[in-house]
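In case you want the letters, here they are:
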Amino acid sequence: MITRSPIPLQRRAAEPSPGAWQRQLAAAFRDPRELCRRLELEPRWWPGAETGHALFEVRVPEAYLARIRPGDPQDPLLRQVLPLGEEAEAAPGYVADPLAEADHTPRRGLIHKYAGRVLLIASPACAVNCRYCFRRHFPYEENAPSRAQWEETLAYLRDDPSIVEAILSGGDPLAASDRQLAWLVERLDAIPHLKRLRIHTRLPVVIPDRIDDALLAWLGGTRLHKVMVLHVNHANEIDQAVVDACRRLQAAGVTLLNQSVLLRGVNDDADTLAALSERLFEAGVLPYYLHVLDPVAGAAHFAVPDDTARALVAELRPRLPGFLMPTLVREVPGEASKTPL
Ligand code: SF4
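Residues numbered from 1 in each chain as written. Predicted model: local features only at pLDDT ≥ 70, side-chain atom pairs only at ≥ 80, totals over all residues.

## Focus: the overall build of the protein
Right, on to step 1. In terms of regular secondary structure, the protein is built from twelve helices and nine strands.
Right, on to step 2. Against the globule reference of 20 Å for 341 residues, the protein gives a C-alpha radius of gyration of 20 Å, in line with a compact fold.
Right, on to step 3. Each principal axis of the C-alpha atoms in the protein carries an extent, and together these give about 55 × 50 × 45 Å.
Right, on to step 4. Of all 341 residues assigned to the protein, the portion counted as buried reaches 40%.
Right, on to step 5. Counting only contacts in the protein whose residues sit at least 6 apart along the sequence, the fraction spanning at least 24 positions is 84%. (Helix = DSSP H or I, 4+ residues; strand = E, 2+ residues; numbered from the N terminus. Rg over C-alpha atoms; globule rule 2.2 N^0.38 Å. Buried ≥ 20, exposed ≤ 12 C-beta atoms within 10 Å, placed from the backbone. Contact = placed C-beta atoms within 7 Å.)

Put into structure tokens, the structure is as follows:
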């Protein structure tokens, strides 16, 4: 049962107004040329942006764009969101479903790969379309359950007492409405053997106003232990609004972790990774995983060779306390857990 939220819900000056995040999401840039113009990129970037957009549509909200240096095509945040012509180039081993998730979908909207935990596709949409996303080709339309189908999916969890953790994923689960999420979490809450609710999301980073009173009401009300795994790849992504959003989550009893993807031209040097860990900690977030790129078709230009990744981590280790060192991992289809490199 969802209980009354222990979080004080009266408005504070720094809190977002109700619905602000939906308006920002609706106004996100979805036209590659408009994106290039907004960021003052030369016209030579336009054709590639249109080619990439045709393969995986562009989507970037203003709150994220505001952290990008105009006129700098090498900006590490821009590189994560700007479509490029390289996305159309085939690369050996880069495929549509690099993690073979289709083999682990026993119910609509549910992926069961690892013991004790299941992943629920709570939303097919994201606030930002990251060009390296391993789910850029995911068949969301085949995994968008109706309420009745959600009941079947939830029955799968109820019938398996070994499942102790539900992971909300997507897309970005926080792109779903608070009404939908409150409905889902109330049902998860009522499954006695479930202990943890984990949420994998980039929305607190991309649109920090997403962490509003309506979200904190259902999140703060569940008896489940709450873990939120953010996705930040570069320290520049964490501005004061993100720090404030993280503080609101912590006040609601949420443990905050981060996973990053090692991306060429974004964060593939030790200084950048050290700065990211330090900045995450300032926001109350612990680094968790540093993933090597999943070989998804269209993203090969982001790949960092394994030897380089290992050398980077070796350079990073003496510079950081252990609790700020993310674990370098790869996800290998069929393995029982993430594989450390
Ligand atoms: S927010 Fe996450 S799921 Fe969405 S496009 Fe980015 S990496 Fe993929």
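## Points about the environment of histidine 301
Right, on to step 1. The topology assignment puts histidine 301 in the loop between strand E7 (286–291) and helix H12 (306–316).
Right, on to step 2. Between the alpha carbons of histidine 301 and glycine 265 there is a distance of 9.3 Å; along the sequence they are 36 residues apart.
Right, on to step 3. Leave out the neighbours within four places in its chain, and histidine 301 touches Leu84, Glu86 and Arg264.

## Overview of the UniProt feature "modified residue: N6-(pyridoxal phosphate)lysine" (unreviewed entry) in the protein
Right, on to step 1. In the numbering used here, UniProt assigns the feature "modified residue: N6-(pyridoxal phosphate)lysine" (unreviewed entry) to Lys338.
Right, on to step 2. Note on placement: lysine 338 falls in the loop between strand E8 (327–330) and strand E9 (339–340). (UniProt positions renumbered as here; feature names shortened; annotations may be inferred.)

## Considerations on helix H10 (residues 240–251)
Right, on to step 1. An ideal rise of 1.5 Å per residue puts 16 Å on twelve residues; H10 measures up with 17 Å between its terminal C-alpha atoms.
Right, on to step 2. Along H10, the positions that sit buried rather than exposed are Val242, Ala245, Cys246, Arg248 and Leu249. All buried residues of H10 fall inside an arc of 160 degrees around its axis, so they share one side.
Right, on to step 3. Each element contacted by the buried residues of H10 is listed here: helix H8 (203–206), helix H9 (213–221), strand E5 (225–231) and strand E6 (254–261). (Expected span 1.5 Å × (residues − 1). Arc of directions from axis to C-beta.)

## Some thoughts on the confidence of the model for the protein
Close reading of the predicted structure is inappropriate where its pLDDT is low.
Right, on to step 1. Chain-level statistics for the protein give a pLDDT mean of 92 and a share of 94% at 70 or above.
Right, on to step 2. Note on residues 1–13: pLDDT is under 50 here. Beyond four places in sequence and across chains, it has 22 contacts. (pLDDT = per-residue confidence, 0-100.)

## Re the site of the ligand
Right, on to step 1. Around the ligand, the structure places Cys126, Val128, Asn129, Cys130, Cys133, Arg135, Gly170, Gly171, Asp172, Arg202 and His231.
Right, on to step 2. Per-class residue counts for the shell around the ligand are four nonpolar, four polar and three charged. (Near = placed C-beta within 6 Å. Nonpolar A, V, L, I, M, F, W, Y, C, P; charged D, E, K, R; others polar.)

## Some words on the packing of helix H7 (residues 178–189) against H9
Right, on to step 1. Taken N-terminus to C-terminus, the directions of H7 and H9 make an angle of 0 degrees; their axes are 10 Å apart at the nearest point. Overall, the two elements H7 and H9 adopt an arrangement that is roughly parallel. Contact residues: H7 offers Asp178, Leu181, Ala182 and Val185, while H9 offers Ala214, Leu215 and Trp218.
Right, on to step 2. Along the lines of polarity and charge, the residues of the contact of H7 with H9 split into six nonpolar, no polar and one charged. (Axes fitted to C-alpha atoms, helices over the stretch in contact; angles between N-to-C directions. Parallel < 35°, antiparallel > 145°, perpendicular 65-115°, else oblique.)

## What to know about the sheet that holds E6
Right, on to step 1. Ordered by their spatial adjacency, nine strands build an open sheet running E1-E2-E3-E4-E5-E6-E7-E8-E9, and the pairing between neighbours is mixed. Lying at the two open borders of the sheet, with one neighbouring strand each, are strand E1 (110–114) and E9.
Right, on to step 2. By the bridge criterion, two bridges tie E8 to E9 in an arrangement that is antiparallel. Paired with arginine 330 across the strands is threonine 339, a residue of E9. (Pairing = 2+ DSSP bridges.)

## As for the pairing of E8
Right, on to step 1. Pairing of E7 with E8, which is carried by three bridges, proceeds in the parallel orientation. Note on E8: the bridge partner recorded for histidine 291 is valine 329.
Right, on to step 2. Between E7 and its parallel partner E8, the chain crosses via H12, and the hand of that crossover is right-handed. (Right-handed = clockwise from strand over helix to strand, strands pointing away.)

## Re the environment of glycine 48
Right, on to step 1. With respect to the element layout, glycine 48 can be found in helix H3 (residues 46–55).
Right, on to step 2. For the pair glycine 48 and proline 83, spaced 35 residues apart in sequence, the C-alpha separation works out to 6.8 Å.
Right, on to step 3. With near-sequence residues (within four places) excluded, glycine 48 lies in contact with Leu84 and Gly85.

## Side note on helix H6 (residues 147–158)
Right, on to step 1. Its twelve residues place the ends of H6 16 Å apart at the C-alpha level, agreeing with the 16 Å of an ideal helix rising 1.5 Å per residue.
Right, on to step 2. Inspection of H6 places Trp150, Leu154 and Leu157 among the buried residues, and these make up the whole buried set. Along the long axis of H6, the arc covered by the buried residues comes to 45 degrees, so they all point the same way. Facing away from the buried side of H6 by over 90 degrees, the exposed positions are Ala148, Glu151 and Ala155.
Right, on to step 3. Check the buried side of H6 and you find it contacts strand E2 (117–123), strand E3 (165–170) and H7.

## Quick word on the environment of alanine 270
Right, on to step 1. Relative to the elements of secondary structure, alanine 270 occurs in helix H11 (residues 270–282).
Right, on to step 2. Judged by local crowding, alanine 270 falls into the partly exposed class, with 18 C-beta atoms found within 10 Å.
Right, on to step 3. Taking the C-alpha atoms as reference points, alanine 270 and arginine 317, 47 residues apart in sequence, are found 9.3 Å from one another.
Right, on to step 4. When neighbours within four sequence positions are excluded, alanine 270 is seen to be in contact with Leu312, Glu315, Leu316 and Arg319.

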